[in-house]
Amino acid sequence: RKEVEQDPGPFNVPEGATVAFNCTYSNSASQSFFWYRQDCRKEPKLLMSVYSSGNEDGRFTAQLNRASQYISLLIRDSKLSDSATYLCVGSNYGGSQGNLIFGKGTKLSVKP
Amino acid sequence: NAGVTQTPKFQVLKTGQSMTLQCAQDMNHNSMYWYRQDPGMGLRLIYYSASEGTTDKGEVPNGYNVSRLNKREFSLRLESAAPSQTSVYFCASVRDNGINQPQHFGDGTRLSIL
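Residues numbered from 1 in each chain as written. Chains lettered and ligands numbered in written order. Predicted model: local features only at pLDDT ≥ 70, side-chain atom pairs only at ≥ 80, totals over all residues. Heavy atoms only, no water.

1. Digging into the overall build of chain B
- From N to C terminus, chain B includes zero helices and eleven strands.
- Reading chain B from its N end, one meets helices and strands in the order β-β-β-β-β-β-β-β-β-β-β.
- Considered along the principal axes of its C-alpha atoms, chain B spans approximately 40 × 25 × 25 Å.
- In chain B, which comprises 114 residues, the proportion classed as buried is 49%.
- Considering only contacts within chain B whose residues lie at least 6 apart along the sequence, 56% involve residues at least 24 apart.
- Carbon and sulfur atoms make up 48% of the accessible area of chain B, which amounts to about 5,100 Å² in all. (Helix = DSSP H or I, 4+ residues; strand = E, 2+ residues; numbered from the N terminus. Buried < 20%, exposed > 50% of the residue type's maximum accessible area, 1.4 Å probe, protein only. Contact = heavy atoms within 4.5 Å. Areas by Shrake-Rupley, 256 points an atom, 1.4 Å probe, with all protein chains shown as cover.)

2. Focus on the interface of chain B and chain A
- Facing the 26 residues of chain B at the interface are 22 residues of chain A.
- Between chain B and chain A, roughly 1,800 Å² of surface is buried when both sides are summed, and carbon and sulfur atoms account for 50% of that area.
- Elements with a minimum of two residues in the side of chain B that touches chain A: β4 (31–38), β5 (42–49) and β9 (87–94) of chain B.
- Tallying contributions element by element places β5 of chain B first for the side of chain B that touches chain A, with four residues.
- Here the residues of the side of chain B that touches chain A are counted per class, giving twelve nonpolar, nine polar and five charged. (Buried area = accessible area lost by both parts, 1.4 Å probe. Nonpolar A, V, L, I, M, F, W, Y, C, P; charged D, E, K, R; others polar.)

3. A closer look at the packing of aromatic side chains
- Here the structure, examined in full by the defined rule, presents 13 aromatic pairs over all chains.
- On the numbers, 5.8 Å between centres and 80° between planes, the contact of phenylalanine 102 of chain A with phenylalanine 105 of chain B is edge-to-face. Note that phenylalanine 102 of chain A is positioned in strand β10 (residues 100–102) and phenylalanine 105 of chain B in strand β10 (residues 104–105), a pairing that runs across two chains.
- For the pair phenylalanine 90 of chain B and phenylalanine 105 of chain B, a centre-to-centre distance of 6.3 Å together with 85° between the ring planes defines the contact as edge-to-face. You can see phenylalanine 90 of chain B sitting in strand β9 and its partner phenylalanine 105 of chain B sitting in strand β10, a full 15 residues away along the chain. Like phenylalanine 90 of chain B, the residue phenylalanine 105 of chain B is buried in the burial classification.
- Here the aromatic residues Tyr36 and Phe102 of chain A together with Tyr33, Tyr35, Tyr48, Phe90 and Phe105 of chain B are joined through ring pairs into a cluster of three or more. (Phe/Tyr/Trp six-rings, centres within 6.5 Å; stacked < 30°, edge-to-face > 60°.)

4. Overview of the state of the cysteines
- Applying the stated criterion across every chain, the model contains two disulfides over all chains.
- Disulfide partner of cysteine 23 of chain A: cysteine 88 of chain A, at an S-S distance of 2.0 Å. Taking the sign of the torsion about the S-S bond as the criterion, the disulfide between cysteine 23 of chain A and cysteine 88 of chain A, at about -80°, is left-handed. Separated by 65 residues along the polypeptide, cysteine 23 of chain A in strand β3 (residues 19–25) and cysteine 88 of chain A in strand β9 (residues 84–91) bring together distant segments of the chain. Across the pair, exposure class does not vary: cysteine 23 of chain A and cysteine 88 of chain A are buried alike.
- The disulfide that involves cysteine 23 of chain B links it to cysteine 91 of chain B, with 1.9 Å between the sulfurs. Here the disulfide of cysteine 23 of chain B and cysteine 91 of chain B is left-handed, its torsion about the S-S bond being about -75°. One end of the pair, cysteine 23 of chain B, is in strand β3 (residues 19–25); the other, cysteine 91 of chain B, is in strand β9, and 68 residues separate them in sequence. (Disulfide = S-S within 2.5 Å.)

5. Overview of the sheet that holds strand β1 (residues 4–6) of chain A
Residues and elements named next belong to chain A.
- Taken together, the five strands give an open sheet; going across it, the order is β1-β3-β8-β7-β6, and neighbouring strands pair in antiparallel fashion. Two strands in the sheet have a free side with no partner beyond their single neighbour: β1 and β6 (54–57). Each strand of the sheet is rotated relative to its neighbour by a mean of 15°, with strand direction disregarded.
- Sheet analysis places β1 next to β3, joined by three bridges and oriented antiparallel. The residue of β3 that forms the bridge with glutamate 5 is threonine 24. (Pairing = 2+ DSSP bridges. Axes fitted to C-alpha atoms, helices over the stretch in contact; angles between N-to-C directions.)

Keep in mind these values describe shape, not function.
Right under this line is the structure:
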């Protein structure tokens with residue numbers, strides 16, 4: 001099984017802090033990656049897509065290092081509303097079980 | 001914008017009862033998926049349907065059956081519910097299974113088996 005692995009956390013940070021999550025993947029053929037956000041007892045929602053070396057959207061920056069097979073998500077100026085679980089997801093290229101492989105998630109808690 | 005709609009949102013069953021979870025999408029997507037999510041386990045794929053008329057097993061198919069009723073609808077059936085099937089179930093869809101596109105999720109069905 002091709003895996004996507006994340007540090008489960010929790011990451012407890014103060015408001016305004018910068019926090020980074022790393023994710024490693026084992027399928028070197030994976031082309032696309034995604035970060036999803038999941039709030040407690042809610043469905044996963046797409047936060048960001050990463051198709052090349054990286055992507056930036058406001059306070060969120062994703063970087064992809066294909067040589068080392070890891071993806072990172074950087075959150076700047078953390079807000080209380082950023083508290084959630086962040087799922088790292090890779091395309092299941094060549095796999096037979098759906099088009100995506102999900103990590104188990106990293107929990108972030110932003111405190112006042 | 002309905003997106004992916006799941007029914008019911010909550011259900012409590014007794015061991016041995018049967019039930020069907022419904023999922024429908026209005027995005028004209030070809031591929032649909034059923035996942036279960038348990039604490040500490042992340043999302044695990046139960047079954048998926050790459051296109052209308054096809055279904056395939058995922059990581060944890062035992063105890064479940066699926067039906068791709070048409071392009072819009074993909075149902076998940078528990079024939080004889082067991083306490084181990086207590087979980088949150090998510091349905092998802094994507095335009096095509098083979099392309100590098102993110103999946104869109106329904107808001108889940110919380111199922112408890114007593």
